[in-house]
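A structural walkthrough
Chain residues, written in single-letter form:
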Amino acid sequence: MRASDLLTIGELARRTGLSVSAIRYYEERGLVEPIRTGGNQRRFPRSDIRRLSFVLIAQQLGLSLGDIEEELRRLPHGRTPDARDWRRISGRVREAIDAKIAILEKTREDLDGCIGCGCLSLARCKLYNPQDKWAAEGAGPRVLR
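Below: a short report on this structure. Since the model is a prediction, treat every value here as computed from it, not as a measurement. (Residues numbered from 1 in each chain as written. Predicted model: local features only at pLDDT ≥ 70, side-chain atom pairs only at ≥ 80, totals over all residues. Heavy atoms only, no water.)

This part is about the pattern of salt bridges. By the definition in use, this model includes eight salt bridges. Close ionic contact of Arg42 with Glu27 constitutes a salt bridge, the shortest N to O distance being 2.5 Å. On the criterion of sequence distance, the pair formed by Arg42 in strand β3 (residues 42–45) and Glu27 in helix α2 (residues 20–28) is long-range, its members being 15 residues apart. Judged by relative accessible area, which is 17%, Glu27 ranks as buried. Among the salt bridges present, the one from Arg88 reaches Glu71, with a minimum N-O distance of 3.7 Å. With Arg88 in helix α5 (residues 83–113) and Glu71 in helix α4 (residues 65–73), this residue pair connects regions lying 17 residues apart in the sequence. (Salt bridge = Lys/Arg side-chain N within 4 Å of Asp/Glu carboxyl O. Helix = DSSP H or I, 4+ residues; strand = E, 2+ residues; numbered from the N terminus. Buried < 20%, exposed > 50% of the residue type's maximum accessible area, 1.4 Å probe, protein only.)

Structure (structure tokens):
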């Protein structure tokens, strides 16, 4: 790789709009891997502009950093996602979104039929918990999910 194909961390920050500390954080997470010079300075391939842009866009679309790391690990070492990769990734994201929508729709239905309804019918109540059997699963609400 030619020196002209490499960027300093400051140049990469200017090109992506990220702070230097954010780039270092993404480096710690393994999202980018700089090359070190003889003086131990970071140099990033120009392709990292696109790679970090992918990270930012994916985060804006609701992917967690863990999800993004997992998707980038599936690519050949250091490669930036292309259109085909994005179609595959977006398909998995769509499935996760559909699952969340299903949970939200069920919660909406349960709101109308249970929470605060005052039915006082233990035969129908989804929250009735004889002998506190749900306590073994830990604290917090999860029955209606």
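With that settled, the discussion passes to the packing of aromatic side chains. One pass over the full model with this rule turns up two aromatic pairs. Considering the side-chain rings of Tyr25 and Tyr26, the 6.0 Å spacing of their centres and the 50° angle between planes classify their relative orientation as tilted. Residue classification places Tyr26 among the buried residues on the basis of a relative accessible area of 7%. Their ring planes at 85° and their centres at 5.5 Å tell us that Phe54 and Trp86 sit as a pair that is edge-to-face. Linking Phe54 in helix α3 (residues 47–60) with Trp86 in helix α5, this pair joins segments that are 32 residues apart in sequence. (Phe/Tyr/Trp six-rings, centres within 6.5 Å; stacked < 30°, edge-to-face > 60°.)

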